[in-house]
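Descriptive structure summary
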Amino acid sequence: MPGLRHEKLCLPPVAGVDEAGRGPLAGPVVAAAVILPAKGCPRGIDDSKKLPPGERQRLHDRLLACALIGIGVVEADEIDRLNIYWATMKAMTLAVDQLAALLGRAPGHVLVDGNRLPRWGYAATPIVGGDAVSRSIAAASIVAKHTRDRIMLAHAETWPHYGWHSNKGYGAPEHLRALREHGPAPIHRRSFAPVARAELPRAFAGSGESSAPHHNALSPPAPA
């Protein structure tokens, strides 16, 4: 289970940051920033991917009651403009900015899941696999994942044929089949190759023209 070894090496208060939704073909990327309480932290905090939905919801609700939390959301149209890497960096920045506003100052240190940091002024450390070793990052992973899942469940009510109630926007067979049959919805990421391929037959129907699909936005960003 994730511990507090990394947190204890940092100037308090320490915020953990993680994201959810880099890989899906539809919907936003969501980041959360969490400062855990010194006492009364709920038991069972772990990498969100290891937790069943019911346990994620229980921990999410407990964290809302006891922790300081900031959330950043970047929608699909902005993901297409920025690419998914920079959209993720923006979501993390929004989350920490919101947390700092609640705190009334910047966190003493920010622990970020991954190997890169946003371009911000916060003292921070990236940790590869951080959600498995840092309790603060694991808590952020739970909040980000549960928040994004709720967003996709709401979108599934509007566009039920894509199967978002179960696949949450990832490229599951049901989702890909609906893309081919119905084309993209407004919240699809058109810079992602499977969405671009589904859109092309409609864009060029009857024209006899062809075009290469968009780049896959999951490819690494060009150096700044």
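Model, not experiment: these values are computed from the prediction.

1. Observations concerning the pairing of strand β2 (residues 29–35)
The buried fraction of β2 is high, at 7 of 7 residues. By the alternation rule, side chains of β2 split into Val29, Ala31, Ala33 and Ile35 and Val30, Ala32 and Val34, which are all buried. Summarising the sheet, strand β1 (residues 14–20) and β2 pair through 5 bridges and their orientation is antiparallel. By the bridge assignment, Gly16 is partnered in β2 with Val34.

2. Structural notes on the pairing of strand β4 (residues 109–113)
The buried fraction of β4 amounts to 5 of the 5 residues, a majority that puts the element mostly inside the structure. Judged by which residues are buried, β4 turns out to be covered on both faces: His109, Leu111 and Asp113 on one side and Val110 and Val112 on the other are all buried. Relative to β4, β1 runs parallel, the two being bridged by 4 bridges. Among the inter-strand pairings, Val17 is bridged to a residue of β4, identified as Val112. As paired elements, β4 and strand β5 (residues 124–127) share 4 bridges and run parallel to each other. Across the sheet, Leu111 pairs through a bridge with Thr125, a residue of β5.

3. A closer look at the confidence of the model for the chain
In this model, the chain carries a mean pLDDT of 91, and residues with pLDDT of at least 70 account for 89%. Predicted confidence for residues 204–224 stays below pLDDT 50, and this span has 29 contacts to residues more than four positions away or in other chains.

4. A few points about unusual backbone geometry
Cis geometry is adopted by the peptide bond preceding Pro13, which originates at Pro12 and carries an omega value of -10°. Inspection of the secondary structure puts Pro13 in the loop between α1 (5–8) and β1. For Lys168, which is not glycine, the phi dihedral falls at a positive 55°. With respect to the element layout, Lys168 can be found in the loop between α6 (164–167) and α7 (173–182).

5. Looking at helix α4 (residues 84–103)
Helix length check: α4 (20 residues) gives 28 Å between terminal C-alpha atoms against 28 Å at 1.5 Å per residue, within 8%. Listed in full, the buried residues belonging to α4 are Ile84, Tyr85, Ala87, Thr88, Met89, Ala91, Met92, Thr93, Ala95, Val96, Leu99 and Ala100. Looking at the buried positions of α4, the neighbouring elements they touch are β1, β2, β3 (68–74), α3 (76–82) and β4. Of the residues flanking the start of α4, the one acting as N-cap is Asn83, its side-chain oxygen 2.9 Å from the backbone nitrogen of Tyr85.

6. So, the nonpolar core
In terms of nonpolar packing, the biggest core is built from 27 residues, with Val17, Val29, Ile79, Val96 and Val110 touching the most fellow members. Secondary structure elements with two or more residues in this core: β1, β2, α4, β4 and α8 (193–203). The leading source of residues in this core is α4, at 10 residues. Grouped together as the second largest cluster of nonpolar side chains are 17 residues, Leu36, Ile45, Ala138 and Ala139 included.

7. Notes on the side chain of His188
Turning to its location among the elements, His188 is positioned in the loop between α7 and α8. At 2.9 Å, the side chain of His188 and the side chain of His175 are in polar contact. Not counting residues up to four positions away in its chain, the partners in contact with His188 are Leu25, Ala26, Ala76, Asp80, Tyr162, Trp164, His175, Leu179 and Val195.

8. Focus on the packing of aromatic side chains
Enumeration according to the criterion identifies 4 aromatic pairs in this entry. Measuring from centroid to centroid gives 5.3 Å for Trp120 and Tyr122, while their planes differ by 85°, and the two rings are edge-to-face. For the pair shown, Trp120 and Tyr122 are each scored as buried. A centroid spacing of 6.0 Å and a plane angle of 70° characterise the contact between Trp159 and Trp164, whose relative ring orientation is edge-to-face. With relative accessibility at 0%, the residue Trp164 sits in the buried group. Here a set of aromatic residues connected by ring pairs shows up, and it is made of Trp159, Tyr162 and Trp164.

Rules used throughout
- Residues numbered from 1 in each chain as written.
- Predicted model: local features only at pLDDT ≥ 70, side-chain atom pairs only at ≥ 80, totals over all residues.
- Heavy atoms only, no water.
- Buried < 20%, exposed > 50% of the residue type's maximum accessible area, 1.4 Å probe, protein only.
- Helix = DSSP H or I, 4+ residues; strand = E, 2+ residues; numbered from the N terminus.
- Pairing = 2+ DSSP bridges.
- pLDDT = per-residue confidence, 0-100.
- Contact = heavy atoms within 4.5 Å.
- Expected span 1.5 Å × (residues − 1).
- Polar contact = N/O pair within 3.5 Å; in protein donor to acceptor, adjacent residues only side chain to side chain.
- Core = buried A, V, L, I, M, F, W, Y, C linked by side-chain atoms within 4.5 Å.
- Phe/Tyr/Trp six-rings, centres within 6.5 Å; stacked < 30°, edge-to-face > 60°.

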